[in-house]
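# Structural overview
So you can see what is in the structure, the chains are spelled out below.
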Amino acid sequence: MKMERVDKELAELRHTFRSGKTRSLAWRETQLKALLDLVHDHQETLFDALHHDLGKHPVESFRDEIGVVKKSATHSLAHLKNWMKPRTGSIPLIFFPASGKIVSEPFGVVLIIGSWNFPISLVLDPLIGAISAGNTVLVKPSELAPLCSSFLLNTIPNYLDPTAIKVVEGGVETSQHLLNQKWDKIFFTGSKAVGRIVLAAAAQHLTPVTLELGGKCPAIVDLTSISSHYDTRIVAKRIVGGKWGPCSGQACIGVDYLLVEEKHAQFLIDLLKKYIRRFYGEHPKESNSICRIVNRRNFERVQRLLKDPAVSASIVAGGFIDEERQFIDPTILLNPPLDSELMTEEIFGPLLPIITLNDIGESIEFINSGPKPLTIYPFTKDEKLKKMIVSETSSGGVTFNDTMVQFLCDSLPFGGVGESGLGRYHGKYSFDTFSHEKAVMERGFYPELEPRYPPWNSFKLKFIQLAYNFDYFGLGLLLMGLKKH
Amino acid sequence: MATTIGEKKVTVFGEEEAKQLVNELRVVAYDSGRTRSYSWRVTQLKNIVRMCDDSEKEVVEALYKDLAKPELEGTLYELGMIKNACKVALKELKNWIRPEKAKTSLTTFPSSAEIVSEPFGIVLIISAWNYPFLLSIDPVIGAIAAGNAVVLKPSELAPASSSLLAKLFAQYLDTSAIKVVEGAVPETSALLEQKWDKIMYTGNGRVGRIVMAAAAKHLTPVIMELGGKCPAVVDSDINLQVAMRRLIAGKWGCNNGQACISPDYILTTKDYAPKLVDALKTELERFYGKNQLESKDLSRIVNSNHFARLSKLLDDEKVSGKIVYGGEKDEEKLRIAPTILLDVPRDSLIMSEEIFGPLLPILMLNNIDESFDVINSGTKPLAAYIFTNNKKLKEKFVMSVSAGGIVVNDTTIHLAVHTVPFGGVGESGMGSYHGKFSFDAFSHKKAVLYRSFIGDAALRYPPYTGFKLRMMKALMGGSFLAILRALFRGSKP
């Protein structure tokens, strides 16, 4: 897309915002309803595009993309009126009569940069937040999911207000040009490396930013406290579902690696293998229920992780690679070297390393030795261990005994900490992330407090000291001449 | 790293020292967990209160040395506010620390959820020179309350205050977790090279950009408390005397206009301007007497750089002849008297940058509604003020002026109210603090979801089928009817 055209779009977004059109509840509701219509009307097209770009099955596409968008838009529509209401803050008596409130107002013109692994929901979900908060928005979908990107470019203008919500397609050059402009807020989903670039660009204009990044999300598997036949199966299913289920491991909140006690390792591996077979068949390459690796570059990156002979020697399941089809089997590795690239970089692929420990409590130190992840997935029934994990590790979030589902919970903030991200969204947090909370205080002209003003003397000093302590009794005494000053 | 200059050993704070400092603090903040304990936080906060009570005289002296700040401003706007912030934190801390229960929905049933506040870890606070104690200790209070280890870098432009802060912190607070690093650009740069878990900067937009760019390298979240030209719109038909007193208190009564939320300029109508100017003159004289250049109730200008900067604003030929009050300067004593300029052109120097001094330009409009265009044509200020009894005008102002905060019929008081967030937007900053907002600013809100083993839906897992798709749609849509329908239809394609 020509850069002059991009500049024109941005200018129009500014103009539209200034007109005040996007501030009304009616406008915001209309856009959200139109977005619901968009995903409803074009569901089949979206299934096709996601299947083309990522090999995603419609169930996965609905669960992780279309369903998420519908849920978020519906939730927003149900609560928006309330969210827009000012919040009251109590004002100390000394300021009487006065009122204080917090008014949420849109930042203005927002840039949303999407990611390729969930190319629809990671663009539309933040968009829902930006619209709900009353901003005008420019969306830059990922070029690595080309059919989804062009779908958004062509379809959004037919449903949403084209003067206020725009889509720009393009690659690195377009993104760089966009980042050089002045935005009132930037929302970015993607890798750490690009996150740094986005934040540095935002610094030039003092633009506030939300970064949804990633990290190595560990699953802690405490098979000492979980031993029943039923429960261990659930654990295995949820781990397999949380690793290869979302885009074949290419998800920021996907399970990256496992921590388990040495004595349970083989049991766990066997169980995982069983469910991989059940979910994806004997030849996962043929399964229609698993995504493929998004492109050649990422395929080669993941393949390279296995090149280290110490790493490939640790493979205990899978490992099959089809170069032509860019397919890598669901692969499990047992105790690959901790300094291998596999264990130091976010895998973002279908490889699952298992690291064994003597005692499951050691998982805390293990996790703390690396950067803070987006999510930690402890599988345990040990209440003490649960408490320790929550209080002694730091991560965007913690989900006990399951994987991925926190993404669907609108009452929980979704975001990272440290290298896994900055800021959060979902539910009201989406509305807040795209709003400036403006403090508004109002006073009457009467009564007036003389002691506020110079020339200063000891009486006024005492008065204000008492006022600061909200010592109304003392103030009364002072005013009646019964207090020394 | 120490070098010997003559007989004295001089310790230089460079990259090595900064790295070592950060590593020390990491051990304290992460490994030992000391800063996370409730009792540690309470002890530090109580010690800050004691520190303020014990050192009032020294603080007032330091402020006088650095800024000729009147005693009352020092004790109240600095120490008084600090003690208040501690008291609020001490009273509320247990509540703030308690995890917040969160609702869960059908899609994650059965489950329970909570939001847990945890400290970011190690925090860098870079403070400003105009309220050197308040703007240093207030953020430190928030960082401590949230359980972080802290490094404070006070402003070198208020040197007496900076060294007093270093001395007092070492005396009263846990020096293994709370440190002061004094210095200027080299020391600040060395600090900014390190990886912090959160940085808070109070100051101007130019340096703010540098701080944020440094933070970007480490993906460090930042709070920026910057400034801007805070407008004060004065409508007619108000209690002019009270309005002017409040304006004066917020302008010259706050470090002689050298405050981020001081009203920077006034907008009023041509008709009302003469009355306004007269009222201002009357009240100014009542407050500061006849010889305002020498008044002990007014701060001086902080240094010769700023004095020169402010002089230049007055020397601008576009405003010659516009001074209707004051204008006296004493370069040796670094004093400028309260000065009012009437009907300045919008393209004058004084209207193009934040004044941060005792000069008050008044813009005259044909009618008061023109204020909105003037204000919105500039960058978003930290605060915006309006004096009016006109309900519609007031509502329009609140709705259409974007600023960090808005006060109607007064100035600056929102700084003292801890139940509203204090912070900027756009060029005036990002993030906010005061009261619980301080605690939140220095906390990571971790979402914790507890799931049960029962209620596992096979439809979540591959192999995927049409039935699973229908069930999933129904479940995510939350409609029981749809769920029944899907179940009833069964696994038929």
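All figures in this text were calculated on a predicted structure; none of them were measured in a lab.

On to the interface of chain A and chain B. In this assembly, 107 residues from chain A lie in contact with 107 residues from chain B. For the pairing of chain A and chain B, the buried interface totals around 8,700 Å² over both sides, and the portion due to carbon and sulfur atoms is 63%. Of all residues in chain A, the largest losses of buried area upon contact with chain B belong to Leu206, Phe445 and Tyr468 of chain A, amounting jointly to 10% of the total for that side. At the boundary of chain A and chain B, one finds 3 salt bridges. Across the contact surface, chain A and chain B share 38 residue pairs in polar contact (both at pLDDT 80 or more). It is helix H8 (residues 192-205) of chain A that contributes the most residues to the side of chain A that touches chain B, 9 residues altogether.

Bringing the UniProt feature "domain: Aldehyde dehydrogenase" (unreviewed entry) in chain B into the picture now. Feature annotation in UniProt places "domain: Aldehyde dehydrogenase" (unreviewed entry) on residues 14-448 of chain B, given in this structure's numbering. In residues 14-448 of chain B, helix accounts for 42% and strand for 19%; the two terminal C-alpha atoms are 40 Å from one another.

Per the UniProt record, "domain: Aldehyde dehydrogenase" (unreviewed entry) is annotated on residues 4-440 of chain A. Structurally, residues 4-440 of chain A comprises 44% helix and 18% strand, and the distance from its first C-alpha atom to its last is 40 Å.

Residue and element names in this part refer to chain B. The strand order S7-S6-S5-S8-S9-S20 describes an open sheet built from 6 strands, whose pairing is mixed. Taken across any chain shown, the strands that pair with only one partner, and hence form the sheet edges, are strand S7 (178-180) and strand S20 (429-430). Inspection of the sheet shows strand S5 (residues 122-126) paired to strand S6 (residues 149-153) by 5 bridges, in the parallel sense. Bridge pairing in S6 places isoleucine 122 opposite alanine 149. The strands touched by helix H6 (residues 159-172) within the sheet are S6 and S7, with S7 carrying the most contacts at an inclination of about 155°.

This part covers the domain arrangement of chain B. All names here are of chain B. Domains assigned within chain B are domain 1 (3-226 + 435-445) and domain 2 (231-423). With 20 residues of domain 1 at the contact, the number on the domain 2 side is 26 residues. Summed over both sides, the interface of domain 1 with domain 2 buries roughly 1,800 Å², with 56% coming from carbon and sulfur. Summed over the shared surface of domain 1 and domain 2, the number is 0 salt bridges. In this structure, the connection of domain 1 to domain 2 is made through 6 residue pairs in polar contact (both at pLDDT 80 or more). Among the elements of the structure, helix H3 (56-67), helix H4 (71-97) and helix H14 (436-441) are those that each provide at least two residues to the side of domain 1 that touches domain 2. Of the residues in the side of domain 1 that touches domain 2, the class split is 12 nonpolar, 2 polar and 6 charged.

About the cut-offs
- Residues numbered from 1 in each chain as written.
- Chains lettered and ligands numbered in written order.
- Predicted model: local features only at pLDDT ≥ 70, side-chain atom pairs only at ≥ 80, totals over all residues.
- Heavy atoms only, no water.
- Contact = heavy atoms within 4.5 Å.
- Buried area = accessible area lost by both parts, 1.4 Å probe.
- Salt bridge = Lys/Arg side-chain N within 4 Å of Asp/Glu carboxyl O.
- Polar contact = N/O pair within 3.5 Å; in protein donor to acceptor, adjacent residues only side chain to side chain.
- Helix = DSSP H or I, 4+ residues; strand = E, 2+ residues; numbered from the N terminus.
- UniProt positions renumbered as here; feature names shortened; annotations may be inferred.
- Pairing = 2+ DSSP bridges.
- Axes fitted to C-alpha atoms, helices over the stretch in contact; angles between N-to-C directions.
- Domains from an automatic or database assignment.
- Nonpolar A, V, L, I, M, F, W, Y, C, P; charged D, E, K, R; others polar.

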